[in-house]
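# Residue-level structural notes
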Amino acid sequence: MQSIGERLEDARKRKGISLREAAEATKIRSDFLSSIEQNKFDFELPDIYKSGFIKNYARYLKLDPEKIIADYNAQQLSSSRLGKKNSGAEWFGSMELKETESATATETAPEEETGSSNFGRISAKPKTASTTEEEDTEDGDKIFYLKIGLIFVGTLALVFVLFALIRAILGSGSDGGTEFATPVDEPAGIESPAEPGGETSSSVSANEITLIAEGNVYVVVKQQEDDAVLFRETLSAGESVPVSKSGPVDILFTAGENLIIEHNGERVRPKGTGTAKITIP
């Protein structure tokens, strides 16, 4: 059975599309696409972006994006379980090896010659074996607890690093609000909906925004007050989607040059290109 990357790569090659062409069409960096095709999903981005890239790439290649995402989630879950299993096997294997070495050392310990009697030789051997076994047991316990402590500290540090990274990414645009966006003129081919009575609506409710795509763009709308995800989808050129909100929202996207956001009668376009985030009050 083909892996996720192999299916994506075969679909791209069958269509005669280069990585560069795919990157320009999907607005996803070509090195990310190359890693995905090689089943290397360890590049430094939150999992929400990885899932969005894979889904967007599958849709671009006319594959079933939901099937690809389901296989990706199953693969990540399987990798996580396998890593935990191997880690546990390594610990128990190390303990078993230590106990085997201790038993071997005890069995091969030479008898001490006391020169006095058979009773003296018999009593000397058990004393040496007992002492060795106790020392080995203490050493094994120390090593085991040391490993547990190191693993706990390492895991805690990793959690803090990941938390700081995610917070930095999600918070990169929260202070600036809409200063990261610039007003745009009415784009060709997109008309404002007419209100009853023949009047043209130039504004929408303060609790509603409209996402307008001029090209392929992956968009996530997240409400600040309760962290609810209001919208998460890839828009194609010409698509227009209204989103109801309550209070400020963070809007994350992969291709800012392809996105227009309409709010309170104004249309704004994010500054710059590529992946970024803005906040709408």
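The structure under discussion appears in the preceding block.
Throughout, residues of each chain are indexed from 1 in the direction in which the sequence is written. It should be noted that, the model being predicted, local features are given only for residues of pLDDT at least 70 and side-chain atom pairs only at 80 or more, the latter also being counted only at that level, while totals for whole chains, interfaces and linings use all residues. The basis for every side-chain value is the complete set of heavy atoms in the structure, and neither hydrogens nor water enter the calculation.

Time to look at the overall build of the protein chain. Numbering of helices and strands runs from the N terminus; a helix is a DSSP stretch of H or I covering at least four residues, while a strand is a stretch of E covering at least two. For the protein chain, the count of helices and strands is six helices and nine strands. Only protein chains enter the accessibility calculation, which uses a 1.4 Å probe; a residue whose area is less than 20% of its type maximum is buried, one above 50% is exposed, and one in between is partly exposed. Counting over 281 residues, the protein chain shows a buried share of 32%. Here, residues are in contact when the closest pair of their heavy atoms is within 4.5 Å. Within the protein chain, contacts between residues separated by at least 24 positions form 63% of all contacts whose residues are at least 6 apart in sequence. When the accessible area of the protein chain is evaluated, it comes to approximately 17,100 Å², of which 54% is carbon and sulfur surface. Here, Shrake-Rupley sampling with a 1.4 Å probe gives the accessible areas, and only protein chains in the shown set may cover a residue.

The next subject is the packing of aromatic side chains. By convention, a stacked pair of Phe, Tyr or Trp rings (six-membered ring in the case of Trp) has centres within 6.5 Å and planes under 30 degrees apart, an edge-to-face pair has planes over 60 apart, and any other such pair is tilted. For the structure shown, the criterion picks out four aromatic pairs. Arranged with centres 5.6 Å apart and planes meeting at 70°, the rings of Phe144 and Tyr145 form a pair that is edge-to-face. Grouped by ring-pair contacts, the aromatic residues Phe32, Tyr49 and Phe53 constitute a single cluster. Criterion for a charge above a ring: Lys NZ or Arg CZ within 6 Å of the ring centre, and within 35 degrees of the ring normal. For Arg29, the ring lying beneath its charged end belongs to Phe32, and the centroid distance is 4.3 Å.

A pair of strands is considered paired only if DSSP assigns at least 2 bridges between the two. With antiparallel pairing, four strands are arranged side by side in an open sheet as E4-E3-E6-E9. On the outer flanks of this sheet lie strand E4 (229-235) and strand E9 (276-280), each paired with one strand and no other. The average undirected angle you get between the axes of adjacent strands in this sheet is 15°. Judged from the six bridges that link them, strand E3 (residues 217-223) and E4 form a sheet pairing that is antiparallel. Counted as the bridge partner of Val219 is Glu233 from E4. Helix H4 (residues 47-60) rests against E3, E4, strand E6 (249-253) and E9 of the sheet, and its axis sits at about 35° to E4. To get an axis, fit a line to the C-alpha atoms, keeping to the stretch in contact for a helix; angles then go from 0 to 180 degrees between the N-to-C directions.

Looking now at the side chain of Thr234. Relative to the assigned elements, Thr234 resides in strand E4. By relative accessible area, which is 6% here, Thr234 ends up buried. In the analysis that follows, any N or O atom pair within 3.5 Å is treated as a polar contact, provided that within protein one partner can donate a hydrogen and the other can accept it, and provided that, for residues neighboring in sequence, both atoms belong to side chains. Of the polar contacts made by the side chain of Thr234, one reaches the side chain of Arg59; its length is 3.5 Å. Ignoring anything within four residues of it in the chain, the contact list for Thr234 reads Asn56, Arg59, Val217, Tyr218 and Glu239.

The N-to-C vectors of helix H2 (residues 19-26) and H4 enclose an angle of 110°; their axes lie 11 Å apart at closest approach. What the angle tells us is that H2 and H4 run roughly perpendicular. Between H2 and H4, the residues in contact are Leu19, Glu21, Ala22, Ala25 and Thr26 and Asn56, Tyr57 and Tyr60, respectively. Broken down by class, the residue content of the contact of H2 with H4 amounts to five nonpolar, two polar and one charged. With respect to orientation, any angle under 35 degrees is reported as roughly parallel, any angle over 145 as roughly antiparallel, any angle of 65 to 115 as roughly perpendicular, and every other angle as oblique. Residue type decides the class: Asp, Glu, Lys and Arg count as charged, Ala, Val, Leu, Ile, Met, Phe, Trp, Tyr, Cys and Pro as nonpolar, and the leftover types, Gly among them, as polar.

The next thing to look at is the environment of Ile36. Counting through the fold element by element, Ile36 comes out in helix H3 (residues 30-37). A residue is classified by how much of its surface remains accessible, and Ile36, at 0% relative accessible area, is buried. A C-alpha to C-alpha distance of 9.1 Å links Ile36 and Glu6, two positions 30 residues apart in sequence.

Bringing the pattern of salt bridges into the picture now. Salt bridges, as used here, are contacts in which a Lys or Arg side-chain nitrogen is within 4 Å of a carboxyl oxygen on Asp or Glu. Here the structure, examined in full by the defined rule, presents 12 salt bridges. Residue Arg7 pairs with Asp71 through a salt bridge whose shortest N-O separation is 2.8 Å. In this pair, Arg7 sits in helix H1 (residues 4-14) while Asp71 sits in helix H5 (residues 65-107), placing the two residues 64 residues apart along the sequence. Taking the relative accessible area as the measure of exposure, Asp71 reaches 17% and is therefore buried.

Residue alternation in strand E5 (residues 240-244) divides its side chains into a buried set, Val241 and Val243, and an unburied set, Ser240, Pro242 and Ser244. In the sheet, strand E2 (residues 208-213) pairs with E5 via five bridges, with the strands oriented antiparallel. Paired with Thr210 across the bridge in E5 is Pro242.

Moving on to H1. Every α-helical turn comprises 3.6 residues, leaving residues that sit three or four positions apart pointing alike. Taken together, the buried positions of H1 are occupied by Ile4, Gly5, Arg7, Leu8, Ala11 and Arg12. The buried residues of H1 all sit within an arc of 165° when viewed along its axis, so they share a single face. Away from its buried face by more than 90 degrees, H1 exposes Lys13 and Arg14. Regarding the arc, it is the one traced by the directions from the helix axis to the C-beta atoms.

On to the nonpolar core, then. Judged by nonpolar contacts, the single largest core of 24 residues is most densely connected at Leu8, Leu33, Ile36, Phe53, Ile54 and Tyr57. The leading source of residues in this core is H4, at five residues. Setting aside residues up to four positions removed in sequence, Ile36 forms contacts with Gly5, Leu8, Phe41, Phe43, Phe53 and Ile54. Among the nonpolar cores identified, the runner-up in size contains 19 residues, and Ile209, Val241, Val243 and Ile261 belong to it. To define a nonpolar core, start from buried Ala, Val, Leu, Ile, Met, Phe, Trp, Tyr and Cys residues and group those joined through side-chain atoms within 4.5 Å.

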